[in-house]
Amino acid sequence: MSEQTIDPLTPILSETWDAERSWTLDAYVAQGGWKGLAKALSQPPADVVQVVKDSGLRGRGGAGFPTGMKWGFLPAPDGGPRYLVVNADESEPGTCKDIPLMLASPQLLIEGVAITSYAIGCDHAFIYVRGEVLHVYRRLLRAVEEAYAAGYLGKNIQGSGFDLDVTVHAGAGAYICGEETALLDSLEGLRGQPRLKPPFPAVAGLYARPTVVNNVESIASVPAIVNEGSDWFRSMGTERSSGHGLFSLSGHVVRPGQYEAPLGITLRELLDMAGGIRGGNRLKFWTPGGSSTPLFTDAHLDTPLDYESVAAAGSMLGTRALQIFDETTCVVRAVSRWMDFYAHESCGKCTPCREGTYWLKQILRRIEHGEGTESDLDVLLDTCDNILGRAFCALGDGATSPVTSSIALFREEFEAHITGRGCPFDPSAAALFDYTPRRAPQALTAGAH
């Protein structure tokens, strides 16, 4: 008798993704959808907050802050409005879990919005979605229309006396609006820039009223927690990082995609399920939580992917965006491309990020094209030191992570670009498709030593 293979995957959020027309309300109800709201409405709002607290659900947008605790920060009701804002502005390189969730199962998110709104005393919730993903925006709008027509949104929902309106808002495509306070400013019609904290959104958020801002996956996890209970959710994951989550594998992997598994799974296990590295190549480096997290190498294949273990190993779990790079990849080129993104998306409000990301971009491009000097690596690290902890929000801090970690892990590769007066890698070898490389614009030389 052959040994049975144990599949560690836990399809919960993604369980209905392969159903026919899974995005429709009829398909969602046929799969048991909207039962969580009925259960929530049958109990006091405080009990719903408590079950989410007891579950240990941590924010799935990157920071990992306990979701129920965040809800509990709202001040006592004062007769005025309070809001729920869902952060659906997913746009960091490599992060790609919320958009497929909203495409395949928008009703799950809307049910989570309804339950959360009931729990925190909100009668008007907002879903802030990235404007470029027009197909997602349209699907959410249609899903909200269906929920209104079925009586899951609107006045006196299910005869409970609970009222809720949901607005789907399309942003203008700024990465900085993924930062919760910049998102709130954008939602109010202002320029998307981070606010000074305190006050925090729980006290003075949207329209200066108490506001909860949560990620798509966090809110979409709520219906199952209410249905199955906190003990069920805690039976997955680790003691301090409970539950399941979507792990997005991209890059040099045979079968890229979304893998839903308990927190604490390892990249080695995920790679086994994903068919391994393409062409039998060797893993060179990878990101555990998106491009704003410090790089890992094959030495971290068995690091449990939970908040505590990843932090102890020197990185962050973030959004669980596992970008996989094999031995054909030039780390200088990869980090340089990421820095192009961060420099472009800096809102410019603070000097460390505005100026720092610009110079990191120029120096990295100079090194990549063989025009670097021996002192450039020290200038890179000094610039990162002047950004980290001094920027107005986390964008600047995150931009330094791939730079400092890549130099720590692959300093000899940076030096080879400098001493060899060029990149020793063929960029087309690292591509996932055949193409003819184009010569990049010449880097600026200002700041060279």
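Here the structure is a predicted model, which is why all the values come from computation and not from measurement. (Residues numbered from 1 in each chain as written. Predicted model: local features only at pLDDT ≥ 70, side-chain atom pairs only at ≥ 80, totals over all residues. Heavy atoms only, no water.)

Caption draft 1: Quick look at the sheet that holds strand S6 (residues 257-262). Here four strands make up an open sheet; going across it, the order is S6-S5-S8-S7 and the pairing mixed. Two strands lie at the open edges of the sheet, namely S6 and strand S7 (283-287), each paired on one side alone. Along the sheet, successive strands turn relative to each other by an average axial angle of 30 degrees, direction set aside. Bridge count for S7 against strand S8 (residues 321-326) is four bridges, and the pairing is antiparallel. Across the sheet, residue Phe 285 finds its bridge partner in S8, namely Phe 325. (Pairing = 2+ DSSP bridges. Helix = DSSP H or I, 4+ residues; strand = E, 2+ residues; numbered from the N terminus. Axes fitted to C-alpha atoms, helices over the stretch in contact; angles between N-to-C directions.)

Caption draft 2: Layout of the pattern of salt bridges. Within the structure shown, the criterion is met by 25 salt bridges. Put simply, Lys 70, Glu 179, Glu 180 and Lys 197 are held in one network by salt bridges that share partners. (Salt bridge = Lys/Arg side-chain N within 4 Å of Asp/Glu carboxyl O.)

Caption draft 3: The arrangement of the sheet that holds strand S1 (residues 83-88) in detail. With respect to topology, four strands assemble into an open sheet ordered S3-S2-S1-S4, the strand pairing being parallel. Single-partner strands in this sheet number two, and they are strand S3 (165-170) and strand S4 (211-215). Taking each pair of neighbouring strands and ignoring which way they run, the sheet shows an average axis angle of 20 degrees. Here strand S2 (residues 124-129) runs beside S3; their pairing, made up of six bridges, is parallel. When the sheet's bridge partners are listed, Ala 125 is paired in S3 with Val 166.

Caption draft 4: A look at the layout of surface pockets. In this structure, the second largest pocket occupies an estimated 450 Å³ of space. What lines the second largest pocket is a set of 18 residues, among which Phe 325, Thr 329, Ala 334, Arg 337 and Ala 430 lie closest to the centre. For the lining of the second largest pocket, the secondary-structure elements that each account for two or more residues are strand S5 (244-251), S8 and helix H15 (331-345). Here the lining of the second largest pocket gets four residues from one element, more than from any other, and that element is H15. Its residues placed into classes, the lining of the second largest pocket shows 10 nonpolar, six polar and two charged. In this structure, the lining of the second largest pocket is formed jointly by two domains, domain 2 (237-326) and domain 3 (331-429), each of which donates at least three residues. (1 Å grid on protein atoms, 1.4 Å probe; cavity = no way out; pocket = protein on both sides within 12 Å on 5 of 7 lines; lining within 4 Å. Points joined across faces, edges and corners; volume = space filled by probe spheres on them. Nonpolar A, V, L, I, M, F, W, Y, C, P; charged D, E, K, R; others polar. Domains from an automatic or database assignment.)

Caption draft 5: How the structure looks around the side chain of Asp 98. Following the sequence through the fold, Asp 98 ends up in helix H5 (residues 98-104). If we ignore the near neighbours within four places in the chain, the residues touching Asp 98 are Glu 90, Asn 215, Val 216 and Glu 217. (Contact = heavy atoms within 4.5 Å.)

Caption draft 6: Inspection of empty space enclosed by the protein at higher detail. A complete count under the given rule lists one cavity of 30 Å³ or more for this structure. Considered as a void within the structure, the largest cavity measures approximately 70 Å³ in volume. For the largest cavity, the lining is made up of 13 residues, of which Ser 346, Cys 347, Cys 350, Cys 353 and Cys 393 are closest to its centre. Of the residues assigned to the lining of the largest cavity, the class counts are nine nonpolar, three polar and one charged.

Caption draft 7: Examining the packing of aromatic side chains more closely. A complete count under the given rule lists 15 aromatic pairs for this structure. Here Phe 285 and Phe 410 contribute two aromatic rings whose centre-to-centre distance is 5.8 Å and whose plane-to-plane angle is 65 degrees, an arrangement assigned as edge-to-face. Of this pair, Phe 285 sits in strand S7 while Phe 410 sits in helix H18 (residues 394-419); the two residues are 125 residues apart in sequence, bridging distant segments of the chain. Geometrically, the ring pair formed by Phe 341 and Tyr 342 is edge-to-face, given 5.2 Å between the ring centres and 80 degrees between the ring planes. The exposure classification of Phe 341 matches that of Tyr 342, with both residues buried. Positioned over the ring face of Phe 247 is Arg 320, at 5.9 Å from the centre of the ring. (Phe/Tyr/Trp six-rings, centres within 6.5 Å; stacked < 30°, edge-to-face > 60°. Buried < 20%, exposed > 50% of the residue type's maximum accessible area, 1.4 Å probe, protein only. Lys NZ or Arg CZ within 6 Å of the ring centre and 35° of its normal.)

Caption draft 8: Representation of the side chain of Ser 221 in the model. Relative to the assigned elements, Ser 221 resides in the loop between helix H10 (216-220) and helix H11 (222-228). With residues up to four places along the chain from it excluded, the contact list for Ser 221 reads Leu 13, Leu 57 and His 244.

Caption draft 9: Just a nonpolar patch on the surface, in detail. A cluster of nonpolar side chains, contributed by Phe 65, Met 69 and Phe 73, occupies part of the molecular surface with about 290 Å² of accessible area. Mapped onto the secondary structure, Phe 73 falls in the loop between helix H4 (67-72) and S1. You can call Phe 73 partly exposed: its relative accessible area is 47%. (Patch = residues over 30% accessible without salt bridge, like charges linked within 9 Å, V, L, I, M, F, W, Y side chains within 5 Å. Areas by Shrake-Rupley, 256 points an atom, 1.4 Å probe, with all protein chains shown as cover.)

Caption draft 10: How the structure looks around the packing of helix H16 (residues 351-368) against helix H17 (residues 376-387). One can describe the packing of H16 onto H17 by two numbers: an axis separation of 10 Å at closest approach and a directional angle of 160 degrees. In terms of orientation, H16 and H17 fall into the roughly antiparallel class. Regarding H16 and H17, the two cross each other, and that crossing is left-handed. On H17, the residues that touch Pro 352, Gly 356, Thr 357, Leu 360, Ile 363, Leu 364, Arg 366 and Ile 367 of H16 are Asp 376, Leu 377, Val 379, Leu 380, Thr 383, Cys 384, Asn 386 and Ile 387. Of the residues that constitute the contact of H16 with H17, the class distribution is 10 nonpolar, four polar and two charged. (Parallel < 35°, antiparallel > 145°, perpendicular 65-115°, else oblique. Left-handed = near helix turned anticlockwise from the far one by under 90°.)

Caption draft 11: Representation of the packing of helix H6 (residues 106-120) against helix H7 (residues 134-149) within the structure. Where H6 contacts H7, the axes come no closer than 9 Å and their chain directions differ by 60 degrees. Between H6 and H7, the angle is such that the two are oblique. Judged by the sense of rotation from one axis to the other, the crossing of H6 with H7 is right-handed. The residues of H7 that touch H6, namely those facing Pro 106, Gln 107, Leu 109 and Ile 110, are Arg 139, Leu 140, Ala 143, Val 144, Glu 146 and Ala 147.

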